[in-house]
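# Overview (structure and organization)
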Amino acid sequence: MKAIPYKIYLSENEMPRYWYNMKAVMKELPDPILNPATMKPCTQEELNQLFCTELVKQEFNTTDEYIEIPKGILDFYKMYRPSPLVRAYCLEKELDTPAEIYYKFEGSNTSGSHKLNSAAAQVYYAKEQGITSLTTETGAGQWGTALSMACAYYNIDLTVYMVKISAEQKPYRKAVMETYGAKVIPSPSNTTEAGRKILAENPNTSGSLGCAISEAIEVAMKTKNCRYVLGSVLDHVLLHQSIIGQETKIACEKYDIRPDIIIGCVGGGSNFGGLIAPFIGEKIQGKSNVRIIGVEPASCPSLTRGKYAYDFGDTGRTTPLLKMYTLGSGFIPSPNHAGGLRYHGMSPIISKLYHDGYIEACAVEQTKVFEAATLFARREGILPAPESAHAIKVAIDEALKCKETGEKKTIIFGLTGTGYFDLAAYISYNEGTMTDYIPTDEDLEKGFATIPKV
Ligand SMILES: *Cc1c(COP(=O)(O)O)cnc(C)c1O
């Protein structure tokens, strides 16, 4: 066996030139996106009003397994990629496990998460199309920050609707976005009809991702040469994120690492979908039997307790309908510190793979997640994002199972970002004031009641 270095940095020559499109190998495809007005599948023309044309093309691409990454995007990726795949020797030692644990670290760029991988691609295509401005929403702030960086690089105007409570809790995030030139508006706001309506009904609302989406979409539809961009959930976002899995695969081949278990946190499903993409391809084709586990917060359990149904992507019920595991667009998750995982729905691709039994899912409680995050920080040095720590928690659990059985499994998990902007959460954990809120079945029923009958 080859000696495995502590950190595996691939050279620029080894950087993937192709994204991996899981839909090209899936035995059954996810159900089509529906237009809620007609209940018929959305056409590319319809979606082109809202999204950039090339992204819509990618959304509909079910045939090309490999999609070439344009040079203009590779040039951007080269600033911070390939990202390292790290062997967690110190964590292994602490756990006294025979398992090998690796993590793919996506937090080494300024925005601090994997979201930059899709931000760069989406802004590049907007620029190519002659689009002059973009709108989006951001919850915890990672997506808005990533997009601000990409918009600065490719020279495009950006308006970010930021969930009001996050804008108040995370003024530094806002400052970073503004430094990159973005306009940041706390949502709900008075700048849109959707925002004014929500404010009229509930003037003291702290906002939600769904409501920020409604505002961003409204502005994109009403502004010339403007498009809306989304940081997760959609197939093209997973496609861009497959750069994570492609790099991981190359490193595994180079160093003869054979993963038995791959673990990722799931919010809308993009980092997880990207990490597992080429591995799922092999699994579907019968070439591997790797276990794949998505981890979600117990406070927002769309895969483990949601319904597989057509639903809106936003609270304002303005988006096309997606077939996915959902808690209902009216479900309001309890305040949880993993903001990036507080989404009622789930990527249609991940939903379909889960429904068809290719992947597993589990839900974990917040205090357990921070316990794992703290152990990881103390052993491996990196202060993880609370979202990422969901994957850490389950990687540790699996490694401890190996300790019991004596099995020498190889575990890879996605470390999606850093936690520097989540220190309020760490303070709450350190002071012992953090609580676990798990919705009751009754709470969930209220959300399910908002799922449209299709
Ligand atoms: C946004 C975010 C997530 C969750 O989003 P996905 O689309 O499910 O990947 C996870 N980790 C971090 C650090 C994030 O910023």
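Above this note sits the structure.
In what follows, the accompanying structure is described. (Residues numbered from 1 in each chain as written. Predicted model: local features only at pLDDT ≥ 70, side-chain atom pairs only at ≥ 80, totals over all residues. Heavy atoms only, no water.)

## Remarks on the overall build of the protein
Counting secondary structure elements, the protein contains 18 helices and 17 strands. Computed over its C-alpha atoms, the radius of gyration of the protein comes to 20 Å, within 12% of the 22 Å expected for a compact globule of 454 residues. Seen along its three principal axes, the alpha-carbon backbone of the protein occupies a region of about 60 × 50 × 45 Å. Looking at the 454 residues of the protein, the share that counts as buried comes to 62%. Long-range contacts, defined as pairs at least 24 residues apart, comprise 77% of the intrachain contacts of the protein with a sequence gap of at least 6. Carbon and sulfur atoms provide 51% of the accessible area of the protein, an area that totals close to 17,700 Å². Taken as two groups, the 47 positive and 52 negative side-chain charges of the protein have centres that lie 2 Å from each other. (Helix = DSSP H or I, 4+ residues; strand = E, 2+ residues; numbered from the N terminus. Rg over C-alpha atoms; globule rule 2.2 N^0.38 Å. Buried < 20%, exposed > 50% of the residue type's maximum accessible area, 1.4 Å probe, protein only. Contact = heavy atoms within 4.5 Å. Areas by Shrake-Rupley, 256 points an atom, 1.4 Å probe, with all protein chains shown as cover. Lys, Arg positive; Asp, Glu negative; His and termini not counted. Charge placed at Lys NZ, Arg CZ, Asp CG, Glu CD.)

## Remarks on the packing of helix α6 (residues 142–154) against helix α8 (residues 171–179)
Packed helices, taken two at a time, are described by their axes: the angle between them and the distance between them. Closest axis-to-axis distance for the α6/α8 pair is 8 Å, and the angle between their directions is 15°. Classified by the angle between their axes, α6 and α8 sit roughly parallel to one another. For the crossing formed where α6 meets α8, the hand is left-handed. For the pair α6 and α8, contact is made by Q142, G144, T145 and S148 and by R173, V176 and M177, respectively. Considered class by class, the residues forming the contact of α6 with α8 number two nonpolar, four polar and one charged. (Axes fitted to C-alpha atoms, helices over the stretch in contact; angles between N-to-C directions. Parallel < 35°, antiparallel > 145°, perpendicular 65-115°, else oblique. Left-handed = near helix turned anticlockwise from the far one by under 90°. Nonpolar A, V, L, I, M, F, W, Y, C, P; charged D, E, K, R; others polar.)

## As for the sheet that holds strand β9 (residues 157–163)
Within a beta sheet, neighbouring strands are joined by backbone hydrogen bonds and run either parallel or antiparallel to one another. The strand order across the open sheet built from four strands is β10-β9-β8-β11, with neighbouring strands paired in parallel fashion. Each of the sheet's edge strands pairs with one partner strand only, and the pair in question is β10 (183–187) and β11 (226–228). With strand direction ignored, the average angle separating the axes of adjacent strands in the sheet is 20°. For β9 and β10, the ladder comprises five bridges, and the chain directions are parallel. (Pairing = 2+ DSSP bridges.)

## A look at the environment of S232
Within the secondary structure layout, S232 lies in the loop between β11 and α11 (235–255). Between the C-alpha atoms of S232 and M39, which are 193 residues apart in sequence, the distance is 23 Å. Here S232 is in contact with V237, G268, G269 and S270, once residues within four sequence places are set aside.

## Concerning empty space enclosed by the protein
On inspection of all chains with the given rule, the structure shows four cavities of 30 Å³ or more. In this structure, the largest cavity encloses a volume near 600 Å³. Around the largest cavity, the lining comprises 48 residues; the ones closest to its centre are E137, L209, G231, S232 and V233. When residues of the lining of the largest cavity are traced back to their parent elements, those giving at least two are α2 (53–60), β8 (133–138), α6, α10 (209–222), α12 (270–284) and α16 (386–405). In the lining of the largest cavity, the residues fall into 21 nonpolar, 22 polar and five charged. For the lining of the largest cavity, the two domains that each supply at least three residues are domain 1 (8–14 + 72–112 + 236–448) and domain 2 (54–59 + 114–228). Considered as a void within the structure, the second largest cavity measures approximately 80 Å³ in volume. What lines the second largest cavity is a set of 15 residues, among which N21, M22, D235, L239 and I349 lie closest to the centre. It is α11 that contributes the most residues to the lining of the second largest cavity, five residues altogether. Its residues placed into classes, the lining of the second largest cavity shows seven nonpolar, six polar and two charged. (1 Å grid on protein atoms, 1.4 Å probe; cavity = no way out; pocket = protein on both sides within 12 Å on 5 of 7 lines; lining within 4 Å. Points joined across faces, edges and corners; volume = space filled by probe spheres on them. Domains from an automatic or database assignment.)

## Let's talk about unusual backbone geometry
With an omega of -5°, the peptide bond between R81 and P82 qualifies as cis. With respect to the helices, strands and loops of the structure, P82 is situated in the loop between α3 (71–77) and β6 (85–87). Residue P188 is reached from S187 by a cis peptide bond, and omega for that bond is 5°. Within the secondary structure, P188 is located in the loop between β10 and α9 (193–201). We note that M39 has phi near 60°; this positive angle belongs to a residue other than glycine. Here M39 lies in the loop between β3 (34–35) and β4 (40–41).

## Some thoughts on the site of the ligand
Around the ligand sit 18 residues in total, of which K115, S232, G267, S270 and N271 are the nearest. Between the ligand and H114 there is a distance of 3.1 Å, counted from an oxygen atom to a side-chain nitrogen or oxygen. In the environment of the ligand, an oxygen atom lies 2.4 Å from a nitrogen or oxygen atom belonging to the side chain of S232. Expressed as a share of its isolated accessible area of 390 Å², the protein-covered part of the ligand is 98%. (Near = heavy atom within 4 Å. Polar contact = N/O pair within 3.5 Å; in protein donor to acceptor, adjacent residues only side chain to side chain.)

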